[in-house]
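Next come the chains, spelled out residue by residue.
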Amino acid sequence: MEKLQAYRLGTECFLQGEDLISGNTIPGDEILGNENLVRLLQIETELMDFASISQDSVSASPGSSPEKELMSPGMVQATQGSELVEDSSVIDLLVMGAEAVEARNWVLSLAIVAKLNCLLNDGENGDNPFNRLALFFTQGLFHRSIDAPEMFRETVTRQADILPIFHVLQELSPYVKFAHFTANQAILEATEGDQEIHVIDFDIMEGIQWPPLMADLAARKNVVSLRVTATITDQKNLISVQQTGRRLKEFADSIHFPFVIDHLVIVSDNDFESINTGHTLIANCMMHQLHIPKRNLSQVKTFIDGVTKLSPKILILVEEELFRFTRTPSMSFVEFFCEALHHYTALSDSLVSSFCKNREAGLRQIEKEFIGIRILDTLGQFPSANEEKRQWGKGFDCLRAFKPITLSFCNISQAKSLVSLFRGGYWVQNEKWKLTLYWKSMPLTTASIWVPISTSR
């Protein structure tokens with residue numbers, strides 16, 4: 001109970017005033033032992049502020065009707081015929097637009113964008129999650145059509161305070177907690193018996209991952225200290241990182257846990273040489289998560305190259321399935337566009353399943369601040385030139401000094417127990433050395449643990 005209490009305090013520090021839901025256990029899921037399952041259940045239920053959502057009140061899935069079945073890239077050929085544009089459905093037009101962009105047929109692509117705007121802003125077609133999603137893809141096609149990368153950068157600039165929206169997101173979906181729980185469990189297992197732990201964090205954002213880890217470390221019999229170094233790739237993020245650091249330090253002080261946080265601005269992998277490696281070192285790299293602005297490949301590569309020099313005990317990778325190192329380089333823009341359409345439709349579908357109709361405002365906020373921004377960022381950063389694709393294809397080389405290891409039974413069971421707390425079609429697949437969170441048949445995000453080859457057995 002002491003460990004549970006510490007964990008509860010760790011989440012309350014960052015989740016005050018948020019809305020949570022209780023989940024229905026998914027039949028067939030493997031669950032943890034009673035003690036750990038109770039711990040997970042209490043983490044969720046003790047923070048709940050509003051009643052559970054009944055399944056009957058969930059709005060219809062945007063991807064459930066036959067007319068919204070997504071098409072493969074080759075099903076629609078780019079054409080100059082205005083009649084085809086006029087008679088096509090939203091899905092047809094989106095794929096045609098992607099084909100026109102790939103063919104650099106800007107006249108046709110802009111005509112398709114205009115038609116999509118007309119269809120999607122027509123009140124008679126209804127305002128539903130899928131149409132709102134399609135509008136973001138339409139905007140992305142427009143930006144690609146006029147070759148305006150600066151418009152993408154302006155679009156993805158976030159509002160100063162998105163923390164309340166982030167709270168709603170992480171409590172309606174296991175998407176964020178799946179990453180954090182899996183990573184923290186791996187850290188706990190890798191540092192058993194260690195007293196000084198140092199985590200180098202690729203993108204600390206709101207810092208929500210670290211209070212639960214502090215609480216678990218504080219529950220150990222021996223005194224343990226934690227140091228977190230937050231890497232910064234853009235100096236403009238310094239103030240936000242400092243604010244996160246203050247919140248984390250306040251929480252650590254409240255439970256009397258020895259904690260230090262600092263930051264490191266990284267331009268090249270040589271910047272990591274200034275880090276003191278006297279502690280047990282952990283590298284934590286969460287890439288392309290929905291609530292984290294997408295970082296380009298060079299930033300990820302710089303981070304991994306930098307921590308490679310320090311030989312961490314483990315490297316934790318959490319990747320959005322759409323952007324896994326080994327997938328993107330071989331795709332054309334049309335193929336990637338259709339994959340993205342499938343991916344974000346499934347993600348939106350999963351969120352809709354957790355909302356009551358009277359909670360529409362919350363869903364719209366998540367769409368605007370997270371899903372919409374990610375779609376625009378995704379389409380804007382997809383490599384189009386051959387050299388860009390070549391560099392992307394070499395991205396996996398930055399892991400050449402590491403090898404993946406099998407996740408523990410405890411970590412796998414914890415992930416399955418976690419998703420059982422959420423309603424709908426979430427499930428977890430353990431395949432060799434990776435753990436993947438699914439919504440129905442669509443993989444959403446994947447976690448893996450890596451160790452340096454030089455020190456592994």
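Preceding block: the structure.
Residues numbered from 1 in each chain as written. Predicted model: local features only at pLDDT ≥ 70, side-chain atom pairs only at ≥ 80, totals over all residues. Heavy atoms only, no water.

Caption draft 1: Spatial organisation of the pattern of salt bridges. Taken as a whole and judged by the stated rule, the model has nine salt bridges. One salt bridge in this structure joins Asp262 and Arg227, with 2.7 Å as the shortest N-O distance. With Asp262 in strand 3 (residues 259-265) and Arg227 in strand 2 (residues 225-232), the pair connects residues that are 35 residues apart, well separated along the chain. Among the charged side chains, a salt-bridge network with shared partners connects Asp269, Glu273 and Lys309. (Salt bridge = Lys/Arg side-chain N within 4 Å of Asp/Glu carboxyl O. Helix = DSSP H or I, 4+ residues; strand = E, 2+ residues; numbered from the N terminus.)

Caption draft 2: Inspection of the packing of aromatic side chains at higher detail. In this structure the tally under the stated criterion is eight aromatic pairs. Their ring planes at 55 degrees and their centres at 6.5 Å tell us that Phe137 and Tyr344 sit as a pair that is tilted. Taken as a pair, Phe137 in helix 6 (residues 129-145) and Tyr344 in helix 13 (residues 333-352) lie far apart in primary sequence, 207 residues in all. One exposure class covers both Phe137 and Tyr344, and it is buried. Ring centres of Phe272 and Phe303 lie 5.9 Å apart, and the angle between their planes is 75 degrees; this geometry places the pair in the edge-to-face category. Taken together, the residues Phe272 in the loop between strand 3 and strand 4 (280-287) and Phe303 in helix 12 (residues 297-310) connect sequence positions 31 residues apart. Each member of the pair Phe272 and Phe303 is classed as buried. Counting every residue linked through ring pairs, the aromatic cluster contains Phe137, Phe333, Phe337 and Tyr344. (Phe/Tyr/Trp six-rings, centres within 6.5 Å; stacked < 30°, edge-to-face > 60°. Buried < 20%, exposed > 50% of the residue type's maximum accessible area, 1.4 Å probe, protein only.)

Caption draft 3: Region of interest: the nonpolar core. Counting residues in each nonpolar core, the largest one holds 103 residues, and the members touching the most others are Phe137, Met214, Leu226 and Ile366. Among the elements that line this core, the one with the most residues is helix 13, at 12 residues. Residues Ile266, Ile275, Leu281 and Phe303 belong to the second largest nonpolar core, which totals 21 residues. (Core = buried A, V, L, I, M, F, W, Y, C linked by side-chain atoms within 4.5 Å.)

Caption draft 4: Main features of the packing of helix 9 (residues 175-190) against helix 16 (residues 409-419). Contact pair helix 9 / helix 16: the axes reach a minimum separation of 10 Å and the direction vectors enclose 155 degrees. One element, helix 9, and the other, helix 16, form an angle in the roughly antiparallel class. Handedness of the helix 9/helix 16 crossing: right-handed. Facing Lys177, Phe178, Phe181, Thr182, Gln185, Ala186 and Glu189 of helix 9, the residues of helix 16 in contact are Cys410, Asn411, Gln414, Ala415 and Leu418. (Axes fitted to C-alpha atoms, helices over the stretch in contact; angles between N-to-C directions. Parallel < 35°, antiparallel > 145°, perpendicular 65-115°, else oblique. Left-handed = near helix turned anticlockwise from the far one by under 90°. Contact = heavy atoms within 4.5 Å.)

Caption draft 5: Representation of unusual backbone geometry. We note that His256 has phi near 60 degrees; this positive angle belongs to a residue other than glycine. Counting through the fold element by element, His256 comes out in the loop between helix 11 (238-254) and strand 3. In this structure His256 comes out as exposed when scored by relative accessible area, which is 73%. Phi at Lys440 takes a positive value of approximately 55 degrees, unusual for a residue other than glycine. Note that Lys440 resides in the loop between strand 8 (434-439) and strand 9 (442-452). Here Lys440 falls in the partly exposed class, since its relative accessible area comes to 47%.

Caption draft 6: Geometry of the packing of helix 4 (residues 90-102) against helix 13. Running from N to C, helix 4 and helix 13 cross one another at 150 degrees; their axes reach a closest spacing of 8 Å. The angle between helix 4 and helix 13 falls in the class roughly antiparallel. Here helix 4 and helix 13 pass one another in a crossing that is right-handed. On helix 13, the residues touching Ile91, Leu94, Val95, Ala98, Glu99, Val101 and Glu102 of helix 4 are Phe333, Val334, Phe337, Cys338 and Leu341.

Caption draft 7: Spotlight on a nonpolar patch on the surface. Together, Leu110, Phe142 and Ile146 make up an exposed nonpolar region whose accessible area comes to about 210 Å². By the secondary structure assignment, Leu110 is in helix 5 (residues 106-120). By relative accessible area, Leu110 is classed as partly exposed at 34%. (Patch = residues over 30% accessible without salt bridge, like charges linked within 9 Å, V, L, I, M, F, W, Y side chains within 5 Å. Areas by Shrake-Rupley, 256 points an atom, 1.4 Å probe, with all protein chains shown as cover.)

Caption draft 8: Inspection of the pairing of strand 1 (residues 196-201) at higher detail. Burial within strand 1 is extensive, with five of its six residues counted as buried. Inspection of the sheet shows strand 1 paired to strand 2 by six bridges, in the parallel sense. Bridge pairing in strand 2 places Ile197 opposite Leu226. Once you follow strand 1 into helix 10 (residues 210-218) and on to strand 2, the crossover reads as right-handed. Looking at chain direction, strand 1 and strand 4 are connected through five bridges and run parallel. Paired with Val199 across the strands is Ile282, a residue of strand 4. (Pairing = 2+ DSSP bridges. Right-handed = clockwise from strand over helix to strand, strands pointing away.)

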